[in-house]
Amino acid sequence: MEEAKDTLEKSLIGGLPNDLEAETNRMLLHLALDANDFAEARKFSASMRASNPVDVLCLIDAARIEKRAENTVGVSLLLDEALGYISDTTPHRELIELANSLYGAERFTDAWPIYEKVADVKIASTLSDRLLFSYYRSGEVDKALVACHDRAQSGDDKFATQIHISVLDEIGDLAGTVSVAESYIAKHPNDYEVRVRFATILYRLDQ
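Here the structure is a predicted model, which is why all the values come from computation and not from measurement. (Residues numbered from 1 in each chain as written. Predicted model: local features only at pLDDT ≥ 70, side-chain atom pairs only at ≥ 80, totals over all residues. Heavy atoms only, no water.)

Chemist: Give a description of the overall build of the protein that names residues and reports values.
Modeler: Along the protein, the regular secondary structure elements total 12 helices and zero strands. Taken over 207 residues, the protein has a buried fraction of 41%. Considering only residue pairs separated by 6 or more positions, the protein has 48% of its internal contacts joining residues 24 or more positions apart. Carbon together with sulfur atoms contributes 52% to the accessible area of the protein, which is approximately 11300 Å² in total. (Helix = DSSP H or I, 4+ residues; strand = E, 2+ residues; numbered from the N terminus. Buried < 20%, exposed > 50% of the residue type's maximum accessible area, 1.4 Å probe, protein only. Contact = heavy atoms within 4.5 Å. Areas by Shrake-Rupley, 256 points an atom, 1.4 Å probe, with all protein chains shown as cover.)

Chemist: Now, about the nonpolar core: what can you tell me, with residues and values included?
Modeler: In this structure, Leu98, Tyr115 and Leu132 are the most contacted members of the largest nonpolar core, which totals 35 residues. Contributing elements (two or more residues each) for this core: helix H4 (56-68), helix H5 (72-84), helix H6 (92-104), helix H7 (108-118), helix H8 (126-138), helix H9 (141-152) and helix H10 (158-170). If we skip the residues at most four places from it in the chain, Leu98 touches Val56, Ile60, Leu79, Ala82, Leu83, Ile86 and Ile114. (Core = buried A, V, L, I, M, F, W, Y, C linked by side-chain atoms within 4.5 Å.)

Chemist: Would you mind going over the packing of helix H11 (residues 174-187) against helix H12 (residues 192-204) in detail, with residue names and values included?
Modeler: Remark: H11 packs on H12, axes separated minimally by 10 Å, with the N-to-C direction vectors making an angle of 150°. Looking at the two axes, H11 sits roughly antiparallel to H12. By crossing handedness, the relation of H11 to H12 is classed as left-handed. Contact residues: Leu174, Thr177, Val178, Ala181, Glu182, Tyr184 and Ile185 in H11; Val194, Arg195, Phe198, Ile201, Leu202 and Arg204 in H12. Looking at the contact of H11 with H12 residue by residue, the classes come out as nine nonpolar, one polar and three charged. (Axes fitted to C-alpha atoms, helices over the stretch in contact; angles between N-to-C directions. Parallel < 35°, antiparallel > 145°, perpendicular 65-115°, else oblique. Left-handed = near helix turned anticlockwise from the far one by under 90°. Nonpolar A, V, L, I, M, F, W, Y, C, P; charged D, E, K, R; others polar.)

Chemist: Let's hear about the packing of aromatic side chains: which residues, and what values?
Modeler: Here the structure, examined in full by the defined rule, presents six aromatic pairs. With a centroid separation of 6.2 Å and 80° between ring planes, the pair formed by Tyr103 and Tyr115 is classed as edge-to-face. With Tyr103 in helix H6 and Tyr115 in helix H7, the pair connects residues that are 12 residues apart, well separated along the chain. Side by side, Tyr103 and Tyr115 carry an identical accessibility label, which is buried. Through successive ring pairs, a cluster of aromatic residues spans Tyr103, Phe108, Tyr115, Phe133 and Tyr136. Directly above the aromatic system of Phe44 lies the positively charged group of Lys43, at a separation of 5.1 Å from the ring centroid. (Phe/Tyr/Trp six-rings, centres within 6.5 Å; stacked < 30°, edge-to-face > 60°. Lys NZ or Arg CZ within 6 Å of the ring centre and 35° of its normal.)

Chemist: Requested: an account of H11, with residues and values cited.
Modeler: Taking 1.5 Å of rise per residue, the 14 residues of H11 would be expected to cover 20 Å, and the 21 Å separating its terminal C-alpha atoms lies within 8% of that figure. Taken together, the buried positions of H11 are occupied by Leu174, Gly176, Thr177, Val178, Val180, Ala181, Tyr184 and Ile185. In this structure, the buried side of H11 is in contact with H10 and H12. (Expected span 1.5 Å × (residues − 1).)

Chemist: How would you explain the pattern of salt bridges if you had to name every residue and give the values?
Modeler: According to the stated counting rule, one finds 17 salt bridges in the structure shown. In this structure, Asp150 engages Lys122 in a salt bridge whose closest nitrogen and oxygen atoms are separated by 4.0 Å. Pair noted here: Asp150 is in helix H9 and Lys122 is in the loop between H7 and H8, with a separation of 28 residues, a long-range link. Judged by relative accessible area, Asp150 falls into the partly exposed class, the value being 29%. Each of the salt bridges in this network shares a partner with another, and the network as a whole consists of Arg26, Asp55, Asp61, Arg64, Arg93 and Glu97. (Salt bridge = Lys/Arg side-chain N within 4 Å of Asp/Glu carboxyl O.)

Chemist: I'd like to hear about the environment of Arg137, residue by residue, with values.
Modeler: Relative to the helices and strands, Arg137 is located in helix H8. Remark: the alpha-carbon pair of Arg137 and Glu106, spanning 31 residues in sequence, is separated by 8.8 Å. Once residues lying within four places of it in the same chain are set aside, the contact partners of Arg137 are Glu106 and Phe108.

Chemist: Requested: an account of the packing of H10 against H11, with residues and values cited.
Modeler: At a closest axis distance of 8 Å, the pairing of H10 and H11 adopts a crossing angle of 165°. Between H10 and H11, the angle falls in the class roughly antiparallel. The element H10 and its partner H11 pack so that their crossing is left-handed. Counted together, Lys158, Thr161, His164, Ile165, Leu168 and Asp169 of H10 and Leu174, Gly176, Thr177, Val180, Ala181 and Tyr184 of H11 form the full contact between these two elements. Classifying every residue of the contact of H10 with H11 by side-chain character gives six nonpolar, four polar and two charged.

The quantities given are spatial measurements derived from coordinates; they are silent on function.
See below:
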């Protein structure tokens, strides 16, 4: 880690293009954060934000520092500020990092509209799983059900199946949960996690 830090600091002394300089400072910030050196990380963060106050990635990095420092109020304020700078022209990288930060802070209502800009919920991936889970946790029942139906109907997508069962259960459609669980178990008879949940549902239905 010290060798990496030394190399990065020397590269800054030699002069770098603006975009590369920003990435170098970001790497130094992350190295400081990995070492739990919050003072050093905040120093880099303050410098980067001073040069570009509306940069979303700088605000996300600042929020990460405060999260590690267990400053929940600071995290919330920084993520709120970052949200204010989102537009139709915001690069995907910034959208993804902000959505992931909001997801990590369990701000699912703020996260799902951003995930929608960068992920297709019908295609299984880490981002689409987070979008689907954010729908569920935000109470976006209709969106969650449509997405789950598209992904879980094949009986192969465990994550979508679990969310589908949870949503149907919460809205009181136990018959629907039976249908979804049966489709999945027919293809995955040895998935005991889903089988136990299925058994619980059948018990509640006196079956």
